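Here is how the chains run, residue by residue.
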Amino acid sequence: MEVLLVHLSHLEMSFTENYLQIVKQYFEERRRNKWWKVNENHVGMDGLACFADNRLRSDVQVLIEWVQTQPHLPEISEYELILFLHSNYYEMEATKKTIEAYYTFRTTCKDMFVDKDVCSAPVQQAMDITAITTLPKLTQENYRVIFAKIIDTDASKFVLPTIFKFGFTCVDIDIWENGCSEGYVLIIDTKTLHIGHLPKIGLFTVKNFVYYIQEALPLRLKAVHFINMVPMIERILAMARPFLKKELLEMIHFHTNVEGLFPFISQRDLPVEYGGDSESLLVAKKKMDDKVMELRDFILSKEHTQRIDESKRIKTKSLFNLFGAF
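So, how was this worked out
- Residues numbered from 1 in each chain as written.
- Predicted model: local features only at pLDDT ≥ 70, side-chain atom pairs only at ≥ 80, totals over all residues.
- Heavy atoms only, no water.
- Phe/Tyr/Trp six-rings, centres within 6.5 Å; stacked < 30°, edge-to-face > 60°.
- Helix = DSSP H or I, 4+ residues; strand = E, 2+ residues; numbered from the N terminus.
- Buried < 20%, exposed > 50% of the residue type's maximum accessible area, 1.4 Å probe, protein only.
- Lys NZ or Arg CZ within 6 Å of the ring centre and 35° of its normal.
- Polar contact = N/O pair within 3.5 Å; in protein donor to acceptor, adjacent residues only side chain to side chain.
- Pairing = 2+ DSSP bridges.
- Axes fitted to C-alpha atoms, helices over the stretch in contact; angles between N-to-C directions.
- Salt bridge = Lys/Arg side-chain N within 4 Å of Asp/Glu carboxyl O.
- Core = buried A, V, L, I, M, F, W, Y, C linked by side-chain atoms within 4.5 Å.
- Contact = heavy atoms within 4.5 Å.
- Right-handed = clockwise from strand over helix to strand, strands pointing away.

Draft legend 1. View of the packing of aromatic side chains. Here the structure, examined in full by the defined rule, presents 16 aromatic pairs. Here the aromatic rings of Phe-168 and Tyr-212 are separated by 4.7 Å at their centres, their planes lie at 70 degrees, and the arrangement is edge-to-face. With a gap of 44 residues between them, Phe-168 in helix 7 (residues 160-178) and Tyr-212 in helix 8 (residues 203-216) connect regions that are remote in the sequence. A relative accessible area of 5% places Phe-168 in the buried class. Note on Tyr-212: relative accessible area 0%, which makes it buried. Counting every residue linked through ring pairs, the aromatic cluster contains Phe-84, Tyr-102, Tyr-103, Phe-105, Phe-113, Phe-164, Phe-168, Phe-209, Tyr-211 and Tyr-212. Above the plane of the ring of Tyr-89 lies Arg-220, whose end atom (NZ or CZ) is 3.8 Å from the centre.

Structure follows, in structure tokens:
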């Protein structure tokens, strides 16, 4: 409980420190997309900040009131609502859809989001065979970089839904700690994957992963890079393609080696194993693993409280309700 309270306090402090930057970013996006017109010379910088602050708070209040009309949803903090707004570029209706998808899917997709105790044997095994971390340096576009690699080639230990469970826990922690980021880039080193892994990759697991990435993940995904390509990745992509929206498909890049990544990500920002200046992947992995273990109570608290109550969902009439599936 003490660790949980300390972490909640840390989040509140981070939110306060980042809030002015969030307001500035919010205003810039609103202005760039011509969603409002303000005479900048007339109101000055202080006026701009105040104006943007008031509009952001107004948007959050709209969401607070909307959540109150959705009794099946859990309690959602202002901090979390801003994360959802930000990930949807402050589009209100898109934000509501993401919130609904996020909590519903994390309640119903039990393979990936239930039984998240990081001390359990399945999650410990996923942690042991996987290196997942956020690189310390941002890209030139100020994007955060998530790096993932299977580090144990024993296919008998490869349980994809549990690996996703652990992976999304790491992503959750990064979002909780770092708040609103300009965007995220995912790098997956496939070098250690082999044909023995292929039978362990189920169609429904791939479908669920793609759905969550596209519809529910509260971050701005900018690119996905597969490096050190192995042939089986093409077969996995063939499984995923029917579920991929055009926008996500266009974000995916394939590289036969790490050098193909350099036009997108500076080599010096990569781990030393890849010719970069950052700490080794295994050192970064240990830091992330230690953080996951430290936050066990916080993770379990989120799992148990951030769930929908389907019995309280307000039923709405539709053609599907009236006539069933066609």
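Draft legend 2. Broad picture of unusual backbone geometry. One non-glycine residue, Tyr-89, lies in the positive phi region at around 55 degrees. Secondary-structure assignment places Tyr-89 in the loop between helix 3 (78-87) and helix 4 (92-108). Despite not being glycine, Tyr-90 shows a phi value in the positive range, around 65 degrees. Turning to its location among the elements, Tyr-90 is positioned in the loop between helix 3 and helix 4.

Draft legend 3. Summary view of the side chain of Ser-87. One can find Ser-87 in helix 3. A distance of 2.9 Å separates a polar side-chain atom of Ser-87 from the backbone oxygen of Phe-84. A polar contact is formed between the side chain of Ser-87 and the side chain of Asn-88, at a distance of 3.4 Å.

Draft legend 4. Representation of the sheet that holds strand 5 (residues 252-254) in the model. Here five strands make up an open sheet; going across it, the order is 1-2-3-4-5 and the pairing mixed. The sheet terminates laterally at strand 1 (130-134) and strand 5, the two strands that pair on one side only. Going across the sheet, the axis of each strand differs from the next one's by a mean of 15 degrees, ignoring polarity. Inspection of the sheet shows strand 3 (residues 184-189) paired to strand 4 (residues 221-227) by six bridges, in the parallel sense. Residue Ile-188 lies in a different strand from strand 4, and its bridge partner there is Phe-226.

Draft legend 5. Representation of the pattern of salt bridges in the model. Enumeration according to the criterion identifies 17 salt bridges in this entry. The partner of Arg-313 in a salt bridge is Glu-100, and the shortest N-O contact between them spans 2.8 Å. A residue pair is termed long-range when its members are at least 10 positions apart, and Arg-313 in the loop between helix 12 (296-305) and helix 13 (319-323) and Glu-100 in helix 4 qualify at 213 residues. Among the ionic pairs, Lys-287 bridges to Glu-279, the shortest N-O distance being 2.8 Å.

Draft legend 6. Structural context of the nonpolar core. Core analysis: the biggest nonpolar cluster contains 74 residues, and Ile-99, Tyr-103, Phe-166, Tyr-212 and Val-292 have the highest contact counts within it. When residues of this core are assigned to their parent elements, the largest contribution, ten residues, is made by helix 7. When near neighbours in sequence (up to four residues on either side) are disregarded, Tyr-212 contacts Tyr-102, Phe-105, Arg-106, Phe-113, Phe-168, Leu-217 and Pro-218. Ala-131, Leu-135, Phe-147 and Ile-265 belong to the second largest nonpolar core, which has 15 residues in total.

Draft legend 7. Representation of the pairing of strand 3 within the structure. Across the six residues of strand 3, five count as buried, placing the element largely inside the fold. Direction of pairing for strand 2 (residues 144-150) relative to strand 3: parallel, over a ladder of six bridges. Directly across from Lys-149, in strand 3, lies its bridge partner Asp-189. Crossover strand 2 to strand 3 through helix 7 is right-handed. Handedness of the β-α-β unit built from strand 3, helix 8 and strand 4 comes out right-handed.

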